[in-house]
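Geometric and topological summary
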Amino acid sequence: VQLQASGGGLVQTGGSLRLSCAASGDIFSIYDMGWYLQGPGKQRELVAGINRDGSTNYADSVKGRFTISRDNSNYTMYLQMNSLKPEDTAVYYCNARRTIGKIFFNDWGQGTQVTVSS
């Protein structure tokens, strides 16, 4: 699966951004997708995830501010980010986990930079 992320940028504190992640290839093997962030010198961590059945989960730090969604008609996942804070600044990556038989795959898109100025 190929994942193409877009939508990052520079925004002021309190502003909003919407990230997009377009999936192509063997999309029917995907069972869940998610957004991760990675700050400078830090490990990648989950921001939000969405399962094939549409159920979602969020990191505590973004609950009530971020919304993950998926459009199955065009195989695109979104992350609506509102009330952005400087600590949200990071490179954001989209991820897809899939399985073919008993083999599991973990695919990543290229990162998109989000910078929130104070």
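Residues numbered from 1 in each chain as written. Predicted model: local features only at pLDDT ≥ 70, side-chain atom pairs only at ≥ 80, totals over all residues. Heavy atoms only, no water.

Some details on the pattern of salt bridges
Working definition: two side chains of opposite charge can pair if their charged atoms are close together. In this structure the tally under the stated criterion is five salt bridges. For Asp 26, the salt bridge is made with Arg 98, and the minimal N-O distance between the two is 3.9 Å. One end of the pair, Asp 26, is in the loop between β3 (17–24) and β4 (30–38); the other, Arg 98, is in strand β9 (residues 90–100), and 72 residues separate them in sequence. A residue is classified by how much of its surface remains accessible, and Asp 26, at 36% relative accessible area, is partly exposed. Accessibility expressed as a relative area gives 8% for Arg 98, which makes it buried. Notably, a salt bridge pairs Arg 65 with Asp 88, separated by 2.8 Å at the nearest N-O pair. In this pair, Arg 65 is assigned in the loop between β6 (56–58) and β7 (66–71) and Asp 88 in the loop between β8 (76–81) and β9, connecting sequence segments 23 residues apart. Relative accessible area serves as the criterion here: at 11%, Arg 65 is assigned to the buried category. (Salt bridge = Lys/Arg side-chain N within 4 Å of Asp/Glu carboxyl O. Helix = DSSP H or I, 4+ residues; strand = E, 2+ residues; numbered from the N terminus. Buried < 20%, exposed > 50% of the residue type's maximum accessible area, 1.4 Å probe, protein only.)

Quick look at the sheet that holds strand β1 (residues 2–6)
In spatial order, the strands read β1-β3-β8-β7; together these four strands make up an open sheet with antiparallel pairing. Across the chains shown, the open sheet's two edge strands, defined by having one partner strand only, are β1 and β7. The mean angle between the axes of side-by-side strands here comes to 15 degrees, regardless of whether they run parallel or antiparallel. Taken together, the five bridges between β1 and β3 define a ladder with antiparallel strand orientation. (Pairing = 2+ DSSP bridges. Axes fitted to C-alpha atoms, helices over the stretch in contact; angles between N-to-C directions.)

What about the environment of Ser 20?
If you trace the backbone, Ser 20 turns up in strand β3. Along the backbone, Ser 20 and Lys 85 are 65 residues apart, and their C-alpha atoms lie at a distance of 19 Å.

Observations regarding the packing of aromatic side chains
Under the criterion given, the structure shown has four aromatic pairs. Where Tyr 93 meets Trp 108, the ring centres are 6.5 Å apart and the plane angle is 90 degrees; that geometry is what we call edge-to-face. Here Tyr 93, found in strand β9, pairs with Trp 108, found in strand β10 (residues 103–108); they are 15 residues apart in sequence, far enough to count as distant. The class of Tyr 93 is buried, set by a relative accessible area of 16%. Among the aromatic residues, ring-to-ring pairing joins Tyr 36, Tyr 93 and Trp 108 into one connected group. Lying over the aromatic face of Trp 108, Arg 44 brings its terminal NZ or CZ to 4.6 Å of the ring centre. (Phe/Tyr/Trp six-rings, centres within 6.5 Å; stacked < 30°, edge-to-face > 60°. Lys NZ or Arg CZ within 6 Å of the ring centre and 35° of its normal.)

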